[in-house]
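A look at the structure
Next come the chains, spelled out residue by residue.
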Amino acid sequence: MSKNIAILGAMWGDEGKGHVTHSLSKDFDWVIRFNGGANAGHTIYRDGKKFVHNLLPSVDFRHKNVKAYLGSGMVIDLEKLRDEVHALRQSYPDAPPNIYVDYEAFIVESHHKEEDKATNGHIGSTNRGIGPAYKDKVARRGKRIIDCFTEGRPDMISGYSGVLVDLINMGVHFVHQLELQSAMEGSNLLFEGAQGVLLDINHGIYPYVSCSDATVGGIYASGFGWAKLDKVYGVAKCYTTKVGEGPFPSEIHGQPAEDLRKMGNEFGATTGRPRRVGWLDLPALRYACDKGGINALILTKFDILNGLPQVPVVLAYKKKPVSPSDFFNAVPMTTAIEGWLDAGNKPSQLDDFIRTVELITKRHVEYVSCGTAEHDIMAW
Ligand code: IMP
Ligand code: MG
């Protein structure tokens, strides 16, 4: 029987979705991105080398049966996609042409990136043109990939024929999702979210959000309403980070923040910006699970906190958050859990930490990650 799962960001992105997706991908036939664009930065380690995917799903391309799909809910910077596919081909010349792009996805054009730079600084945008591209989509004046094709071929007048031909020559397939549906129905699908629920356009902490659907809603919006999801995982780090502006109730400052940022190498994979850092915020995580459709958790980066005598965790806010506005001026109540020396040995302190997470979020933690290698992801 086939199985379908989703891996969603449960916080503000950068939770380790790429790492988790990459490790699980070999057991799936398709890995599907369905939201956002090159604002995402999914870091994966393969053969000891670091790769950052902005647009490509985090497929382990060494497994030749796994295919990548870029869904219609995405906004795609075609030049960036070309660079990414090119880099992949250089590293893995034998990887089969297993990359499929939905004709209905919208194109991020250069004026979108200019507009982002000029207007979205107060949000802390990545300036990848995401908001302006979705704005044009909703205003019904956006450009879809299909608009650049005539009779199945890239047309010259679109302005994108060069890059589209390059992509096709590198083995990228442009397709209608419905044409693949019957093949996909019998196979295993892994949906890889981008950003996180707290950045979701509908349920994130508005206006400090990105512009796409980072919840399960994004999967349906991309035309996969027929795909029954057996499990929706939310990924969170055992501490919290955020890039960009907006409320961050568990944020820490000064030297402890510098130390944590350095230990976790918390600098943006896409922009290189130093990430804001803080402790794990369980009321925020519970909110994200409820709003995001998340029914199980994966926690990452436990190795980063190795050796810390005590690990603070936010247990509650004075007022339980039930809407995005409750995150503004939230008063967090923090406790400290005894730290661990080596998370990889599954010490009893990790049990205590995870029990606390499960108690507050009402979700089971099914995997924990203690490093960047595939074997560092342990079933819990
Ligand atoms: P935009 O999506 O580039 O417009 O950025 C909007 C907000 O979302 C900013 O605070 C960004 O830093 C944040 N953001 C967007 N994509 C990601 C991501 O993949 N990881 C973390 N933060 C992100
Ligand atoms: Mg990232």
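Residues numbered from 1 in each chain as written. Chains lettered and ligands numbered in written order. Predicted model: local features only at pLDDT ≥ 70, side-chain atom pairs only at ≥ 80, totals over all residues. Heavy atoms only, no water.

**Focus on the overall build of the chain**
For the chain, the count of helices and strands is 10 helices and 20 strands. A globule of 380 residues ought to have a C-alpha radius of gyration of about 21 Å, and the chain, at 20 Å, matches this closely. With the principal axes as the frame, the chain shows a C-alpha extent of 65 × 45 × 35 Å. A separation of at least 24 residues holds for 74% of the contacts in the chain among residues at least 6 apart in sequence. Accessible surface computed for the chain: about 15500 Å², of which carbon and sulfur atoms make up 51%. (Helix = DSSP H or I, 4+ residues; strand = E, 2+ residues; numbered from the N terminus. Rg over C-alpha atoms; globule rule 2.2 N^0.38 Å. Contact = heavy atoms within 4.5 Å. Areas by Shrake-Rupley, 256 points an atom, 1.4 Å probe, with all protein chains shown as cover.)

**Some details on the site of ligand 1**
Around ligand 1, a shell composed of 17 residues is seen, among which N39, T126, S210, V243 and R273 lie nearest. I123 has a polar backbone atom sitting 3.3 Å from an oxygen atom of ligand 1. Between S125 and ligand 1, the recorded distance is 3.1 Å, taken from a side-chain N or O atom to an oxygen atom. Burial of ligand 1 by the protein chains amounts to 97% of its free accessible area of 470 Å². Residues of the shell around ligand 1, tallied by class, amount to 6 nonpolar, 9 polar and 2 charged. (Near = heavy atom within 4 Å. Polar contact = N/O pair within 3.5 Å; in protein donor to acceptor, adjacent residues only side chain to side chain. Nonpolar A, V, L, I, M, F, W, Y, C, P; charged D, E, K, R; others polar.)

**Regarding the environment of A343**
Inspection of the secondary structure assignment puts A343 in the loop between β18 (332-338) and α10 (348-361). For A343, a relative accessible area of 0% puts it in the buried group. Separated by 33 residues in the primary sequence, A343 and D376 place their C-alpha atoms 9.9 Å from one another. In this structure A343 touches F302, D303, N306, L350, C370 and M378, once residues within four positions along its chain are discounted. (Buried < 20%, exposed > 50% of the residue type's maximum accessible area, 1.4 Å probe, protein only.)

**Observations concerning the side chain of H112**
Structurally, H112 is set in helix α3 (residues 110-119). The exposure class assigned to H112 is buried, which follows from its relative accessible area of 2%. Discounting residues that sit within four places of it in the chain, H112 has contacts with I107, G129, P132, A133 and D136.

**A short note on the pattern of salt bridges**
Using the criterion set out here, one finds 23 salt bridges in the structure. With a closest N to O distance of 2.6 Å, E15 and K17 form a salt bridge. Using a relative accessible area of 2% as the deciding quantity, one classes E15 as buried. A salt bridge links R62 to D47, with the shortest nitrogen-to-oxygen separation between them at 2.6 Å. Highlighted residues: R62 in the loop between β4 (49-53) and β5 (67-70) and D47 in the loop between β3 (42-46) and β4, separated in sequence by 15 residues. Residue classification places R62 among the partly exposed residues on the basis of a relative accessible area of 32%. In this structure D47 comes out as exposed when scored by relative accessible area, which is 55%. Residues participating in the shared-partner salt-bridge network are D14, K237, E266, R275 and K301. (Salt bridge = Lys/Arg side-chain N within 4 Å of Asp/Glu carboxyl O.)

**Looking at the coordination of the magnesium ion (ligand 2)**
Summarising the metal site, the magnesium ion (ligand 2) is bound by the protein donors D14 (OD) and G41 (O), whose distances to it range over 2.0 to 2.4 Å. Pair noted here: D14 is in the loop between β1 (4-9) and α1 (17-24) and G41 is in the loop between β2 (30-33) and β3, with a separation of 27 residues, a long-range link. Among the residues examined, D14 registers a relative accessible area of 22% and is labelled partly exposed. The exposure class of G41 is buried, given its relative accessible area of 14%. (Donors = N, O, S within 2.8 Å, 3.2 Å for Na, K, Ca; no water.)

**Here's the deal with helix α6 (residues 177-185)**
For α6, the set of buried residues is Q177, L180, Q181 and M184. Along α6, the residues classed as buried sweep out an arc of 135° about the axis, all on the same side. Along α6, exposed side chains directed more than 90 degrees from the buried face belong to E179, S182 and A183. Taken together, the buried residues of α6 touch β2, β5, β7 (99-102), β11 (172-175), β12 (189-192) and α7 (216-224). (Arc of directions from axis to C-beta.)

**A word on the nonpolar core**
Judged by nonpolar contacts, the single largest core of 63 residues is most densely connected at Y69, F191, L285, F302, L305, F353 and V357. Per element, the largest residue contribution to this core is 6 residues, and it comes from helix α9 (residues 282-292). Look past the residues within four positions of V357 in its chain and what remains in contact with it is L280, L282, L285, L297, L299, K362 and V365. Among the nonpolar cores identified, the runner-up in size contains 45 residues, and I7, V31, I44 and L167 belong to it. (Core = buried A, V, L, I, M, F, W, Y, C linked by side-chain atoms within 4.5 Å.)

**Quick look at helix α8 (residues 254-263)**
Because an α-helix packs 3.6 residues into every turn, residues spaced three or four apart end up facing the same way. If you check which residues of α8 are buried, you get A257, L260 and R261. For α8, the angular spread of the buried residues around the axis is 100°, confining them to a single face. Looking at α8, the residues exposed on the side facing more than 90 degrees away from the buried face are Q255 and K262. In this fold, the buried residues of α8 make contact with β14 (239-242) and β15 (276-281). Immediately downstream of α8, the backbone of N265 shows phi near 50°, a positive value.

**A look at the pairing of β1**
Summarising burial for β1: 6 of the 6 residues are buried, a large majority. On β1, burial covers both faces: N4, A6 and L8 on one face and I5, I7 and G9 on the other are all buried. Where β1 meets β12, 4 bridges bridge the pair, whose relative direction is parallel. Within β12, the residue paired with N4 across the bridge is L189. In this structure, β1 lies alongside strand β13 (residues 231-237), joined through 5 bridges in parallel fashion. If you follow G9 over to β13, its bridge partner there is V235. (Pairing = 2+ DSSP bridges.)

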